[in-house]
Amino acid sequence: MRSLLLLAILLLLLAKVSAEDWTGADEKAEELIKEIHPNYEPWFSPIWEPPSGEIETFLFSLQAAIGASIIGYILGYYRGKNAQNS
């Protein structure tokens, strides 16, 4: 397990990734729509937009962590419940 973690860290450090490679699907879709139909008007606008990309990334990561925690809790609960009944 430890060697796998070290390998993952090494690969991340060696990867030469530009900021454009980390753009989300929303931004890529928006660019494609503007390319296909330059006069397109969105149906609605966001209620609130984060002041920077770092905050947006943090909120997305926080959302993923909360979701993973909930799923992990549910799986652990049912695994423990099944182990108790056996």
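Being a predicted model, the structure only gives us computed values, none of them experimental.

About the cut-offs
Residues numbered from 1 in each chain as written. Predicted model: local features only at pLDDT ≥ 70, side-chain atom pairs only at ≥ 80, totals over all residues. Heavy atoms only, no water. Helix = DSSP H or I, 4+ residues; strand = E, 2+ residues; numbered from the N terminus. Expected span 1.5 Å × (residues − 1). Buried < 20%, exposed > 50% of the residue type's maximum accessible area, 1.4 Å probe, protein only. Phe/Tyr/Trp six-rings, centres within 6.5 Å; stacked < 30°, edge-to-face > 60°.

### Here we look at helix α2 (residues 25-36)
Here is step 1 of the chain: Taking 1.5 Å of rise per residue, 12 residues should cover 16 Å, and α2 covers 16 Å from first to last C-alpha, within 8% of that figure.
Here is step 2 of the chain: The element α2 is largely exposed, with a buried count of zero among its 12 residues.

### Remarks on the packing of aromatic side chains
Aromatic ring pairs: the centre-centre distance and the angle between the two ring planes describe each pair.
Here is step 1 of the chain: All told, the structure shown has two aromatic pairs when counted by the stated rule.
Here is step 2 of the chain: Taken together, a centroid distance of 6.4 Å and an interplanar angle of 25 degrees make the contact between Tyr-73 and Tyr-77 stacked. Taken together, the residues span about one helical turn, with Tyr-73 and Tyr-77 both in helix α3 (residues 53-85) at a distance of four residues.
Here is step 3 of the chain: Looking at Tyr-73, the relative accessible area reads 60%, which means it is exposed.
Here is step 4 of the chain: Each ring, one from Tyr-77 and one from Tyr-78, has its centre 5.3 Å from the other, and the planes form 80 degrees; the classification is edge-to-face.
Here is step 5 of the chain: Of the residues examined, Tyr-78 reaches a relative accessible area of 48% and is grouped as partly exposed.
Here is step 6 of the chain: An aromatic cluster of three or more residues is present, and its members are Tyr-73, Tyr-77 and Tyr-78.

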